[in-house]
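The lines below spell out each chain.
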Amino acid sequence: MLFFGGDYNPEQWPEEVWAEDVALMRQAGVTIVSLGVFAWSHLEPEEGRFDFGWLDQIMDQLHAGGIKVALATPTASPPPWFTLAHPEGLPVTADGVRLTHGSRDTYCVSAPAYRAAARGIAGELAARYARHPALALWHVHNEYGTDCRCDLTATAFRGWLQKRHGDLDTLNDAWTTAFWSQRYSDWAQIMPPRATQYLPNPAQVLDFRRFLSDELLGAYVEQRDLLRAANPDIPVTTNFVQGGWVSVDHARWASEMDLVAVDHYPAAADRNAEAETAFGGDLARGWAGGGEWLLMETGPNLIYTPGRMHAKEPGRLTRHSLNYLARGSRGAMYFQWRQPRGGAELFHSALVPHAGPDSPVFREAVGLGRTLKALDGQVTAPVPAQVAIAWDAPSWWALQGGGLPAADIDYLGAVQQAHRALWTSGVATDFVFPGRDGFAAGLSAYKIIVLPHLYLVSDEVAAALRDFVASGGHLVTGHLSGIADPAGRIRLGGYPGAFRDFLGVRVVEWRPLPIGTTIALDNGDQGVRWSERVETAGAETLVRYAGDVLAGAPAITRHRHGAGTAWYVSPGLDDDALRRLLDRVATEAGVPPVLPGLPPHVEAVRRGDLVFLFNHGETPGTVPLPAPATNAITRRPLSESVTVPPGGTMAIELESRSDAGCPAG
Amino acid sequence: MLFFGGDYNPEQWPEEVWAEDVALMRQAGVTIVSLGVFAWSHLEPEEGRFDFGWLDQIMDQLHAGGIKVALATPTASPPPWFTLAHPEGLPVTADGVRLTHGSRDTYCVSAPAYRAAARGIAGELAARYARHPALALWHVHNEYGTDCRCDLTATAFRGWLQKRHGDLDTLNDAWTTAFWSQRYSDWAQIMPPRATQYLPNPAQVLDFRRFLSDELLGAYVEQRDLLRAANPDIPVTTNFVQGGWVSVDHARWASEMDLVAVDHYPAAADRNAEAETAFGGDLARGWAGGGEWLLMETGPNLIYTPGRMHAKEPGRLTRHSLNYLARGSRGAMYFQWRQPRGGAELFHSALVPHAGPDSPVFREAVGLGRTLKALDGQVTAPVPAQVAIAWDAPSWWALQGGGLPAADIDYLGAVQQAHRALWTSGVATDFVFPGRDGFAAGLSAYKIIVLPHLYLVSDEVAAALRDFVASGGHLVTGHLSGIADPAGRIRLGGYPGAFRDFLGVRVVEWRPLPIGTTIALDNGDQGVRWSERVETAGAETLVRYAGDVLAGAPAITRHRHGAGTAWYVSPGLDDDALRRLLDRVATEAGVPPVLPGLPPHVEAVRRGDLVFLFNHGETPGTVPLPAPATNAITRRPLSESVTVPPGGTMAIELESRSDAGCPAG
Amino acid sequence: MLFFGGDYNPEQWPEEVWAEDVALMRQAGVTIVSLGVFAWSHLEPEEGRFDFGWLDQIMDQLHAGGIKVALATPTASPPPWFTLAHPEGLPVTADGVRLTHGSRDTYCVSAPAYRAAARGIAGELAARYARHPALALWHVHNEYGTDCRCDLTATAFRGWLQKRHGDLDTLNDAWTTAFWSQRYSDWAQIMPPRATQYLPNPAQVLDFRRFLSDELLGAYVEQRDLLRAANPDIPVTTNFVQGGWVSVDHARWASEMDLVAVDHYPAAADRNAEAETAFGGDLARGWAGGGEWLLMETGPNLIYTPGRMHAKEPGRLTRHSLNYLARGSRGAMYFQWRQPRGGAELFHSALVPHAGPDSPVFREAVGLGRTLKALDGQVTAPVPAQVAIAWDAPSWWALQGGGLPAADIDYLGAVQQAHRALWTSGVATDFVFPGRDGFAAGLSAYKIIVLPHLYLVSDEVAAALRDFVASGGHLVTGHLSGIADPAGRIRLGGYPGAFRDFLGVRVVEWRPLPIGTTIALDNGDQGVRWSERVETAGAETLVRYAGDVLAGAPAITRHRHGAGTAWYVSPGLDDDALRRLLDRVATEAGVPPVLPGLPPHVEAVRRGDLVFLFNHGETPGTVPLPAPATNAITRRPLSESVTVPPGGTMAIELESRSDAGCPAG
């Protein structure tokens, strides 16, 4: 069954709406809804007094309508009574401000009272619903990521540090506490990062983010185990959310999920929304180890851009939804089913908006439901790619601090730019995770590995990358990669310390460009944001700097190492220059696009036996088909080419499956 | 007597200056001064020890000089001794920071100790000065608006909520606490909005602002009653201040004032200062129910623009002052008489600046004093207008929160733009207040009602507006009006839920424009900031969207409803386009400008028997006179036209008074 | 011995690196290092337990290598154990947030526990190392400037105020507490400036900054006396740091230093870095009373610009270093010797960078070391200048508050602009300090005094300036000078109250220009940021305003007063216009440049017998020599002119020393 549905909050509506909801869900072909997220104060209106009547009723009504349930534990938002009884369960900012209820996520994950209450309500739900016939999935909590700096957190942090570092000498060394007289002589002296006079210790900040990720994961595992115990057949998950402020290393978390579930909200309204959708889908598939995952939330009809809620153009809901599906999602779920009348998010996106079902979004949803029904059973395992980008949450965190050589260093932006370049060229791309078990072994599946801003590198990861090149792979990296060890200590002797040998270069000076300037390269491109003084040590110089004091110095190099090739890209590049460079690498490595000969703005994604075509442009796009094909939705045969209308989507089945991945042969 | 004067702080100066002050006041024709604002620490230097000697003396000196006194209660700034003795009387921020004395307004209006101290000092002043011959007005406090989130405030807030909502179920429903698990099971769980994890509950924020307005009003009423009791013949007021941060619903407050008094500071140095002056004057007259009000403070020689104190050009003090007068003020008062040597506002505007009376501002003040003296007795009741704009403080508050579809929604800006459009066309404009007693009955006085961003609408207000149209009126509204009930809950089924029927439209999708873009309309104009998918349901489409996915969809519509007409303006418009649209409505409704044939930048305002002319331009402006006329200041007869010099002002008396309001008729 | 070296932190490195360090220092010609800054937690790992073994060892190793030591007391960063034991020793923000260790400078200078601990560790160091043969200088603390608003600070502040003001009446008058009801009736009511409702009292803020400067100085003196007592032959200093947030009046502090030491970091990467270097050097020499001082810290290879660390171009390290030397520094020291592997400043500048000694910066340092060695013994006392700019920290502080007529008033910018104008014209410039002993007497050494934004002026200072003019001097000042007394109370009757008589002008109105606009002057220049209505009262008008309502009014005036001349510059000027004006003043006053006929971008600085030439341009610059000369580094004779390569530096010895300062004479 493909998942199609969204967050459903019957507790916000009178009972008479419930019947209409189920009827509309059936009309739209909804197959599953997320129930009970944020319903704690309705399930347990006072401490220890539970009210499951309404949930029983709606579970039964949904079941009667043939709709499955992803039942949530509501622990992301403790009720006001909890807060009043347990103020120590509220989160505290770095400034020492104890937050108050009145929003959501007002809890401290390290507070025993909170953890006990969370286990309590999860246990009640497990006991009552674990074998309900509508139940298809447990949805633990919501978007883990809440930060706290209280004294309970300090205690937990110290415990985590003792496990990680063993003794204080090791910690003092890892944190370079010799700088600024921070040497700890007792574990009790160590605090979470709190308001301090000037720049904090970056290693302390980094370890705190790691700790918080693990601490939150502990809270998840506690609930998961309890739900699993009640019925081992029901998969358990939580919905990942991504953002610079979220201290969750999803690559580590994924192994504890029965199904990786992801909330994904593109942040741009223009064509970048499509690039972000592709990025989000590929990254989620990476977390899921290349297998199936689930889009748990996205905005059906809105894109949240800075300062604006942008209404999607007609067809865009369908195009985005099928794009996630093509990239490995088990379906498409949304926040939310019905737009609320009040509350803090009363203008957020919904399948049934304030205007009601007589609205563009609901009509498009009905059509999408039909399409998904037609595709059910045809979408099989995703097709692995031949190119992979490395994603590393700790490197992201390390590059978010102050004290860096440039204030606009943007880890996420660098990774997205690399992905966007490959996406624009139509090359299928996976993600790999340097910190994860099996990383080294997994590299052999790829012809090209791209490392944007892989700032922190362990010796093991460096060795795995070296072996990848030596064994014949193409590795592409650039500035700010290979700089430090996992504690953030610089690898000395010239950047990038971890990779100098197999890159055949040595960087002796960073020269971030003055804001608003670029630097000429001798191939006619412009370096942006960053330049460096690079010395070659075996590498061949492909492109040189052509301006500034660096004139004539190497900018882009290539080094034969063993059977493979390592490319070093010193300057920042704009999108077009980066795409051309990666095209060259792909050509040298023999990596073709998913389909050759695509018109501009038409995207092709292969999943199992199907190829999905997306026309993100404003004119029809005609796609030559490399083999006899069938329209996977209508099941009609197709001629030698298909034309995708502007904004449209097609799913086709190509006959010659054995050519998968190399249609251009 | 026309009021002419300003805030006077003799306590900042040695006694020898006092005599000079009275002499200079007489030279300038000052008739009244505000005395004692912020003088608490001089009147009561220690708890319970009073020093009235200096005030006795200056009251007598002023009286001897023929100058009246608006005597203030100094309760806006408790002395340091109060704070030290009653720290719980200090305000607390949403972050929990208890503020300290050292500025002004460091009090919590819900603190019993503060309230008792305020009644104490006000009572002493009442007892001593209520029958002083110089006393003409009580000026309670200063610019009520101070916010606090402390526990005493929490208690008062809960009491207010109990009165408003009756029981918790009603409150939970009004606040949609089902969203994010905020359901309250005990009143004690409810807090003022305080620092929380993410977006606050908008209904809680809205009710808190209402509460704060009522709570501050209670403090005013307490003082007023006490002052009134001491001498029922002396009117009592407080000076209203306007600003996005001020939680005071002046429309509600006005009925408790004996004379509505307003502080008004335009925020632009260019021609917008004149538009803002007109806006401020008309709004104040609206608060006063169309009758006389008082400009209590404005900057005589400075305009406070962002980052700059702008010195007014010669003549501008006069032009602004008479504009307020023309719009219904009883005169013109200023902050302040004499510029202080020190203190936080040592550079604020004054009639006697640091340079002393030998200065441009004092010389212009002397001339203005003569003009006002000449006009005394000639200015009678303001002339009601035929157009009114609705002003609604709760709608403003509701549109200030986060979580809205666009971050640049600007309630005040939208109201000011509508007023500016009518002002530019020379059409006299009133303000009406949907939440106020008599609102429905008052509508019949107008031919046109304009509703900018009237976001919150009760059923009663919606019915009154519907009746207004049905009875023959012209109603103009646009996006973000009629959206929600007074609790902020969306009126479902399509926007604007409250007005759909009589507008004959249904909006199914909001499409705020990407920042920096516009959308073409088929009449050649451009929509700005906002667009929508509008469906007509009876209305006639006057203008269509011409670009984007909305091409061909209705943008501006007109609907005959009963005997009247309702106009819907979906996009944002620039000033010129809005002016042309409102000109069209005025033409259809038969509403003429105050005077026809005015040259650009010359403004005409009618008050009672007089017409004031203001030339805001840089060239002379010749105004044809529709009837025989007299210069009201010189009392000389005028010929068929008058020429107003650049920057100049004239007051003329037209003979044919029976044509008032319809001179073009 | 010229000082050449930098901060050295062996405690951050394993012992095996120490030997390499000493060897590299010898290779580079390092003569001295700063040791032990921030080493408290290594010297006293637990309260009362000291570990001097490592310091003994490195002191001995350095001594063996012939390298001297500036030994620091590490009191700028108490160890975590101190904080845990004495939380009252942590600083508290104006919002009441008590900061936590984890950065540096987490101390309250008014906390007795902190002061005792600081004396303790300083005493231990004194006892152990005062007679160590490597010791050349005591370096107390680091960059004093930490702010605190806690209750202990409040107590100290009250004590300081009692000494300054004597009684409360005087304080109430000085602070104009009559404004906003702030009159204090008990010392206990007075607080440091803390979070308050609105604008704070500017006099309270000003006195708090003065207090903090004195309080920090007290902490310095305490340590100095203790170190001096241990060995009177070793000079004691602390490193001054400059910044808008630093409450240290270095002009007052300098008299307590045995050698004025300065940290100086230019903030621009373009040619302004050179102007800032000249400014920093001249200001430091001023603090040192015209004598020798020491550049204690600058970034050897980086310039810290907003959002960027900019790598210096080749030769720039040398050029900057010799410029400080030419301006009176005893040498050049850097932060830091070896770039750290971790910690908050792991990317800060160093002589031995992450890349190691095989790097551009280390190679340039080696060359610079050779140059300094060649110059050793040749650089004698600096040459006094004939022009001086006044620098006044309290005026800076007073102009940083809110409530000023323009938000972009920039004291530092105004002083730097005046200096830059003279620097561009090649005129040697000193600084004088109105608040300092000997100010009046010192003026006679100069022909021109420039007073940018000298906002606060005592009667004594005003009299000294008046005498300077009367005795034949040229005084140049402009808007925002002479406005207030030292308490910030306005001098009434027209600006600039303190200087009206000898300037022969009276300013009756300030007219800061609307942001983004300029005002025409009748000499073709444009006024920027500021204009005023100026009335002359004896002065001659040189330039008039030509636009706006000021058209025809005086803009720049000159007044003969006694034997001298006082110039008033009402508008802001751009760099070029100000330079031309000061050129004119210099010509009238008979002040020549250091060397005539310099090509653009070539700078000449005379120190003692030497003239240093700096070519900041990108082309060679040929300099005619006014007398027979010798290359001071190579000791080779020079012909009639020398050519300085782009980016290059030369030191030459001119034979005709008696012409010093008047080579064009």
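Residues numbered from 1 in each chain as written. Chains lettered and ligands numbered in written order. Predicted model: local features only at pLDDT ≥ 70, side-chain atom pairs only at ≥ 80, totals over all residues.

- You'll find chain A entered in an unreviewed UniProt entry as Beta-galactosidase, with Actinoplanes awajinensis subsp. mycoplanecinus given as the organism.
- Note on chain A: under the UniProt heading Sequence similarities (unreviewed entry), the record states "Belongs to the glycosyl hydrolase 42 family."
- Under Catalytic activity (unreviewed entry), UniProt gives the following word-for-word description of chain A: "Hydrolysis of terminal non-reducing beta-D-galactose residues in beta-D-galactosides." (UniProt positions renumbered as here; feature names shortened; annotations may be inferred.)

Points about the overall build of chain A
- Along chain A, the regular secondary structure elements total 18 helices and 29 strands.
- The C-alpha radius of gyration of chain A comes to 26 Å, within 12% of the 26 Å expected for a compact globule of 665 residues.
- With 665 residues in all, chain A has 59% of them scored as buried. (Helix = DSSP H or I, 4+ residues; strand = E, 2+ residues; numbered from the N terminus. Rg over C-alpha atoms; globule rule 2.2 N^0.38 Å. Buried ≥ 20, exposed ≤ 12 C-beta atoms within 10 Å, placed from the backbone.)

Some details on the sheet that holds strand E18 (residues 526-528) of chain B
- Strands sit in the order E17-E18-E23 (chain B) across an open sheet of 3 strands; the sheet is antiparallel. Among the strands making up the open sheet, the edge pair consists of strand E17 (518-520) and strand E23 (572-573) of chain B. (Pairing = 2+ DSSP bridges.)

Let's talk about the interface of chain C and chain B
- Each side of the interface is counted separately: chain C has 50 residues, and chain B has 47 residues.
- At the level of secondary structure, the elements contributing two or more residues to the side of chain C that touches chain B comprise helix H8 (202-230) and strand E16 (505-510) of chain C.
- Class assignment of the residues belonging to the side of chain C that touches chain B gives a composition of 27 nonpolar, 14 polar and 9 charged. (Contact = placed C-beta atoms within 7 Å. Nonpolar A, V, L, I, M, F, W, Y, C, P; charged D, E, K, R; others polar.)

Let's talk about helix H3 (residues 53-64) of chain C
Residues and elements named next belong to chain C.
- Over its 12 residues, H3 runs 16 Å from end to end, which matches the ideal 16 Å to within 8%, given 1.5 Å per residue.
- If you follow the buried residues of H3, they end up packed against helix H1 (15-28), strand E2 (32-35), helix H2 (40-43), strand E3 (68-72) and helix H5 (112-129).
- At the C-terminal side of H3, glycine 66 shows a positive phi close to 80 degrees. (Expected span 1.5 Å × (residues − 1).)

Quick look at the interface of chain C and chain A
- Between chain C and chain A, the contact holds 47 residues from the first and 50 residues from the second.
- Put simply, the parts of the chain that give the side of chain C that touches chain A at least two residues each are H2, helix H4 (80-85) and strand E10 (308-311) of chain C.
- Along the lines of polarity and charge, the residues of the side of chain C that touches chain A split into 22 nonpolar, 17 polar and 8 charged.

Quick word on the domain arrangement of chain A
- The domain architecture assigned to chain A consists of domain 1 (387-589) and domain 2 (602-659).
- Inter-centroid distance (C-alpha atoms) of domain 1 of chain A to domain 2 of chain A is 35 Å. (Domains from an automatic or database assignment.)

What to know about the UniProt feature "active site" (unreviewed entry) in chain A
All names here are of chain A.
- What UniProt calls "active site" (unreviewed entry) maps, in this numbering, to Glu143 and Glu297. Taken together, the annotated residues stretch across 155 residues yet fold into one region, lying no more than 10.4 Å apart by C-alpha.
- Turning to its location among the elements, glutamate 143 is positioned in the loop between strand E4 (135-139) and helix H6 (151-165).
- Take glutamate 143: there are 20 C-beta atoms within 10 Å of it, and that puts it in the buried class.
- For glutamate 143, the contacting residues outside a window of four places in its chain are Ala76, Asn239, Val241 and Asp263.
- Take glutamate 297: it is sitting in strand E8 (residues 293-297).
- Residue contacts for glutamate 297: discarding those within four places in its chain leaves Asp7, Asn239, Asp263, Met333, Tyr334 and Phe335.

Quick word on the relation of the copies chain C and chain B
- Here chain C sits on chain B after a turn of 120 degrees about the axis and a move of 0.1 Å along it, with an RMSD of 0.1 Å. Both copies are brought into coincidence by an operation consistent with a three-fold rotation axis. When C-alpha distances to the rotation axis are compared across chain C, the minimum falls at valine 97 of chain C, with a value of 5.1 Å. (Least-squares fit on C-alpha atoms with pLDDT ≥ 70 in both.)

Quick look at the sheet that holds strand E23 (residues 602-607) of chain A
Residues and elements named next belong to chain A.
- Read from one edge to the other, the open sheet built from 5 strands follows the order E23-E24-E29-E26-E27, with strand pairing classed as antiparallel. Here the strands that pair on one side only, and so sit at the sheet edges, are E23 and strand E27 (637-638).
- Pairing of strand E24 (residues 610-615) with strand E29 (residues 649-654) involves 5 bridges; the strand directions are antiparallel. When the bridges of E29 are listed, leucine 613 appears paired with methionine 650.
- Its contacts with the sheet place helix H11 (residues 316-326) against E23, E24 and E29, and it is angled at close to 150 degrees to E24. (Axes fitted to C-alpha atoms, helices over the stretch in contact; angles between N-to-C directions.)

Quick notes on helix H16 (residues 459-470) of chain A
All names here are of chain A.
- Under the 1.5 Å per step criterion, the end-to-end length of H16 is 16 Å for 12 residues, consistent within 8% with the ideal 16 Å.
- All of the buried residues in H16 are Val461, Ala462, Leu465, Arg466, Phe468 and Val469. For H16, the arc enclosing every buried residue in end-on projection is 155 degrees, short of the 170-degree limit, so these residues lie on one face.
- Buried residues along H16 sit against helix H15 (439-442), strand E14 (448-451), strand E15 (474-478), helix H17 (500-503), strand E21 (554-561) and strand E22 (564-569). (Arc of directions from axis to C-beta.)

A closer look at the packing of H11 of chain A against helix H12 (residues 360-375) of chain A
Residue and element names in this part refer to chain A.
- It is at 9 Å that the axes of H11 and H12 come closest, and there the two elements cross at 35 degrees. At the point where H11 passes H12, the crossing takes the right-handed sense. In this structure, H11 uses Leu317, Thr318 and Ser321 to contact H12, whose residues at the interface are Val361, Glu364, Ala365, Gly367, Leu368 and Thr371.
- Class assignment of the residues belonging to the contact of H11 with H12 gives a composition of 4 nonpolar, 4 polar and 1 charged. (Left-handed = near helix turned anticlockwise from the far one by under 90°.)

Comments concerning unusual backbone geometry
- The omega angle of the peptide bond from phenylalanine 335 of chain A to glutamine 336 of chain A is 25 degrees, so this bond is cis rather than trans.
- Following the sequence through the fold, glutamine 336 of chain A ends up in the loop between strand E11 (329-334) and H12.
- Non-glycine residue aspartate 548 of chain B carries a positive phi angle of around 65 degrees.
- Overall, aspartate 548 of chain B belongs to the partly exposed group, with 16 C-beta atoms counted inside 10 Å.

Brief notes about the pairing of strand E2 (residues 32-35) of chain B
All names here are of chain B.
- Residues of E2 alternate between two faces, with Ile32 and Ser34 on one and Val33 and Leu35 on the opposite face, all of them buried.
- Pairing of strand E1 (residues 3-8) with E2, which is carried by 4 bridges, proceeds in the parallel orientation. Note that in E2 the partner of glycine 5 across the bridge is isoleucine 32.
- Each parallel crossover has a hand, and the one from E1 via helix H1 (residues 15-28) to E2 is right-handed.
- With 4 bridges joining them, E2 and strand E3 (residues 68-72) adopt parallel strand pairing. (Right-handed = clockwise from strand over helix to strand, strands pointing away.)

Here we look at the packing of helix H14 (residues 411-424) of chain C against helix H18 (residues 575-589) of chain C
Residue and element names in this part refer to chain C.
- With their axes 9 Å apart at the nearest point, H14 and H18 run at an angle of 65 degrees to one another. Considering how the two elements wind past one another, H14 and H18 form a crossing that is right-handed. For the pair H14 and H18, contact is made by Gln417, Arg420, Ala421, Leu422 and Thr424 and by Asp575, Leu578, Arg579 and Leu582, respectively.
- Among the residues forming the contact of H14 with H18, the class breakdown is 4 nonpolar, 2 polar and 3 charged.

Some points on the environment of glutamine 27 of chain A
- Tracing the sequence through the fold places glutamine 27 of chain A in helix H1 (residues 15-28).
- As for glutamine 27 of chain A and arginine 370 of chain A, which are separated by 343 residues in sequence, their C-alpha atoms are 9.6 Å apart.

A closer look at the UniProt feature "domain: Glycoside hydrolase family 42 N-terminal" (unreviewed entry) in chain A
- Taking the numbering used here, the UniProt-annotated feature "domain: Glycoside hydrolase family 42 N-terminal" (unreviewed entry) corresponds to residues 7-374 of chain A.
- Counted over residues 7-374 of chain A, helix gives 41% and strand 11%. Its end C-alpha atoms are 23 Å apart.

Description of the pairing of strand E1 (residues 3-8) of chain A
Residue and element names in this part refer to chain A.
- Along E1, 6 of the 6 residues are buried, which leaves the element largely enclosed by surrounding structure.
- Alignment of E1 against E11, held across 4 bridges, turns out to be parallel. By the bridge assignment for E11, phenylalanine 4 is matched with alanine 332.

A look at the confidence of the model for chain A
- On average, residues of chain A score 96 in pLDDT, and 98% of them reach the 70 mark or higher.
- With a pTM of 0.97, the predicted complex shows an ipTM of 0.96. (pLDDT = per-residue confidence, 0-100.)

Some words on the environment of arginine 529 of chain C
Residues and elements named next belong to chain C.
- Following the sequence through the fold, arginine 529 ends up in the loop between strand E18 (526-528) and strand E19 (532-536).
- Residue class for arginine 529 comes out buried when judged on the 22 C-beta atoms lying within 10 Å of it.
- For the pair arginine 529 and threonine 75, spaced 454 residues apart in sequence, the C-alpha separation works out to 43 Å.
- Ignoring sequence-local partners within four residues, the contact set of arginine 529 consists of Asp408, Pro512, Leu513 and Gly572.

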